[in-house]
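# What the coordinates show
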Amino acid sequence: MIDEQVWHVDGEGTLARSWEQRLKPKTEPRVVRRRVPAPWIKTVGWIAGLWAGAAVASVLAVHVMTMSYQYDQMNQHYASLTRQNQQLQMNLAALTSASTLAQDARKMKVTLVQPKNGMPTPSLAKAAAPVVSRHGVLAQITGWMENLSHTLGQ
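Reading the values: the criteria
Residues numbered from 1 in each chain as written. Predicted model: local features only at pLDDT ≥ 70, side-chain atom pairs only at ≥ 80, totals over all residues. Heavy atoms only, no water. Helix = DSSP H or I, 4+ residues; strand = E, 2+ residues; numbered from the N terminus. Buried < 20%, exposed > 50% of the residue type's maximum accessible area, 1.4 Å probe, protein only. Areas by Shrake-Rupley, 256 points an atom, 1.4 Å probe, with all protein chains shown as cover. pLDDT = per-residue confidence, 0-100. Phe/Tyr/Trp six-rings, centres within 6.5 Å; stacked < 30°, edge-to-face > 60°. Lys NZ or Arg CZ within 6 Å of the ring centre and 35° of its normal. Patch = residues over 30% accessible without salt bridge, like charges linked within 9 Å, V, L, I, M, F, W, Y side chains within 5 Å. Salt bridge = Lys/Arg side-chain N within 4 Å of Asp/Glu carboxyl O.

### Some details on the overall build of the protein chain
Across its full length, the protein chain holds 5 helices and 0 strands. Secondary structure elements of the protein chain, listed N to C terminal, follow the sequence α-α-α-α-α. Within the span of the protein chain, comprising 154 residues, buried residues form 3% of the whole. By element, 63% of the accessible surface of the protein chain is carried by carbon and sulfur atoms, the whole surface being about 15400 Å².

Quick look at the structure:
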């Protein structure tokens, strides 16, 4: 029996590459190192966090004080307007009272005539006190004002 040997023949390119690999200097595998922060970074971060918290708290405190000041100003303005309104109501009541109308009539030398609208005189009102609804009183006052304006217009 004849043994057949199989000869593997390498081409020129393969032979060159294989020898290149064999002759190439061996390099150690590169170790990837993790970056470790410096120990003082935590301290600086903690101080910066405290500073940021204090800054936020102070900004909020300034905002609250500003809003409180504005509220006080508006409250004082409202109280002033309320006093002015009360003063105007007192002046209006003083100007529209019956005695003021009589004084003004005397100054203008005009005689006031009481309109006749069917209202009882005060002496009759004591004898028989009629029960009048609110709408009836309002209607009577409106009628009296119309008669008064008609009388003054003559």
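Don't stop here, the text continues.
### Thoughts on the confidence of the model for the protein chain
Mean pLDDT over the protein chain: 80, with 77% of residues reaching 70 or higher. Within the protein chain, helix α2 (residues 40-95) carries the highest mean pLDDT (94), whereas helix α4 (residues 122-127) carries the lowest (50).

### Regarding unusual backbone geometry
Even without being glycine, Lys-109 reaches a positive phi, approximately 55 degrees. Structurally, Lys-109 is set in the loop between α3 (98-108) and α4.

### A short note on the packing of aromatic side chains
Counting across every chain of the model gives 0 aromatic pairs. Its end group placed over the ring of Trp-19, Arg-22 keeps NZ or CZ at 4.9 Å from the ring centre.

### So, a nonpolar patch on the surface
On the surface, a cluster of nonpolar side chains totalling about 340 Å² of accessible area is made up of Leu-15, Trp-19 and Leu-23. As for its position among the elements, Leu-23 is in helix α1 (residues 12-23). According to the relative accessible area criterion, Leu-23 is exposed, its value standing at 66%.

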